[in-house]
Amino acid sequence: QVQLVESGGGLVQAGGSLRLSCAATGSIFSINNTGWYRQAPENQREWVTTITSGGSVNYAESVKGRFTISRDDAKRTMYLQMNSLKAEDTAVYYCTAQIRRLGSYTYSDYWGQGTQVTVSS
């Protein structure tokens, strides 16, 4: 069984910082692209950032220059460093990863359970 386990959400004042973590557990052969999405109340889930297995990154315009995605493949963990947080960053944040399980020849998409980030103004 493969799971993505998130941690690090919480309440922070505007201008503050948080770091989210997402650990992949289970029978994993390899991890391809990974990323983060978020969903604010009454909004659709939106893409935030992606990092490829080769280390290439992309960010949504709304977070560019403030958020940094990274990954530690030895620990099978990815991170989202969020600085200069704004009230509009308030949302449930989800990590996602393309994972190839042991014994499989294809990659499948997996999602974390979500972690709440609340930014007070």
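Scroll up to find the structure this text is about.
Residues numbered from 1 in each chain as written. Predicted model: local features only at pLDDT ≥ 70, side-chain atom pairs only at ≥ 80, totals over all residues. Heavy atoms only, no water.

1. Structural notes on the overall build of the protein chain
At step 1: Per the secondary structure count, the protein chain includes zero helices and eleven strands.
At step 2: Starting at the N terminus and walking to the C terminus, you meet the elements of the protein chain as β-β-β-β-β-β-β-β-β-β-β.
At step 3: What you see for the protein chain is a C-alpha radius of gyration of 14 Å, in line with the 14 Å of a compact globule of 121 residues.
At step 4: Counting only C-alpha atoms and orienting by the principal axes, one finds that the protein chain spans roughly 50 × 25 × 25 Å.
At step 5: Expressed as a percentage of its 121 residues, the buried residues of the protein chain come to 40%.
At step 6: The long-range fraction of contacts in the protein chain, counting pairs at least 24 apart against all pairs at least 6 apart in sequence, stands at 56%.
At step 7: In the protein chain, 11 side chains carry a positive charge and 9 a negative one; their mean positions are 7 Å apart. (Helix = DSSP H or I, 4+ residues; strand = E, 2+ residues; numbered from the N terminus. Rg over C-alpha atoms; globule rule 2.2 N^0.38 Å. Buried < 20%, exposed > 50% of the residue type's maximum accessible area, 1.4 Å probe, protein only. Contact = heavy atoms within 4.5 Å. Lys, Arg positive; Asp, Glu negative; His and termini not counted. Charge placed at Lys NZ, Arg CZ, Asp CG, Glu CD.)

2. Comments concerning the pairing of strand 4 (residues 28-39)
At step 1: Direction of pairing for strand 4 relative to strand 9 (residues 91-101): antiparallel, over a ladder of nine bridges. By the bridge assignment, isoleucine 31 is partnered in strand 9 with isoleucine 99.
At step 2: The sheet contact formed by strand 4 and strand 5 (residues 46-51) spans five bridges and is antiparallel. The residue of strand 5 that forms the bridge with glycine 35 is threonine 50.
At step 3: Two successive antiparallel strands, strand 4 and strand 5, enclose a turn made up of six residues, where glutamate 42 displays a positive phi of approximately 70 degrees. (Pairing = 2+ DSSP bridges.)

3. A few points about the state of the cysteines
At step 1: One pass over the structure, following the stated rule, counts one disulfide.
At step 2: Disulfide partner of cysteine 22: cysteine 95, at an S-S distance of 2.1 Å. Its torsion about the S-S bond being 60 degrees, the disulfide of cysteine 22 and cysteine 95 is classed as right-handed. Taken as a pair, cysteine 22 in strand 3 (residues 18-25) and cysteine 95 in strand 9 lie far apart in primary sequence, 73 residues in all. (Disulfide = S-S within 2.5 Å.)

4. Some points on the nonpolar core
At step 1: Ranked by size, the top nonpolar core spans 30 residues in total, and within it Leu4, Trp36, Phe67, Leu80, Met82, Tyr93 and Ile99 carry the most contacts.
At step 2: No other element matches strand 9, which puts five residues into this core. (Core = buried A, V, L, I, M, F, W, Y, C linked by side-chain atoms within 4.5 Å.)

5. Here's the deal with empty space enclosed by the protein
At step 1: Within this structure, the stated rule accounts for one cavity of 30 Å³ or more.
At step 2: For the largest cavity, the calculated volume is near 90 Å³.
At step 3: In terms of lining, the largest cavity is formed by 13 residues, of which the most central are Ile31, Thr34, Arg76, Thr77 and Met78.
At step 4: Of all the secondary-structure elements, those providing two or more residues to the lining of the largest cavity are strand 3, strand 4, strand 7 (67-72) and strand 8 (77-82).
At step 5: For the lining of the largest cavity, the element with the most residues is strand 3, which contributes three residues.
At step 6: Residue composition of the lining of the largest cavity, by class: seven nonpolar, two polar and four charged. (1 Å grid on protein atoms, 1.4 Å probe; cavity = no way out; pocket = protein on both sides within 12 Å on 5 of 7 lines; lining within 4 Å. Points joined across faces, edges and corners; volume = space filled by probe spheres on them. Nonpolar A, V, L, I, M, F, W, Y, C, P; charged D, E, K, R; others polar.)

6. Focus: the sheet that holds strand 3
At step 1: Spatially, four strands are ordered 1-3-8-7 in an open sheet, and the strand pairing comes out antiparallel. If you trace the sheet from one side to the other, it starts and ends with strand 1 (3-7) and strand 7, each paired once. Adjacent strand axes in the sheet meet at a mean angle of 15 degrees when their direction is disregarded. (Axes fitted to C-alpha atoms, helices over the stretch in contact; angles between N-to-C directions.)

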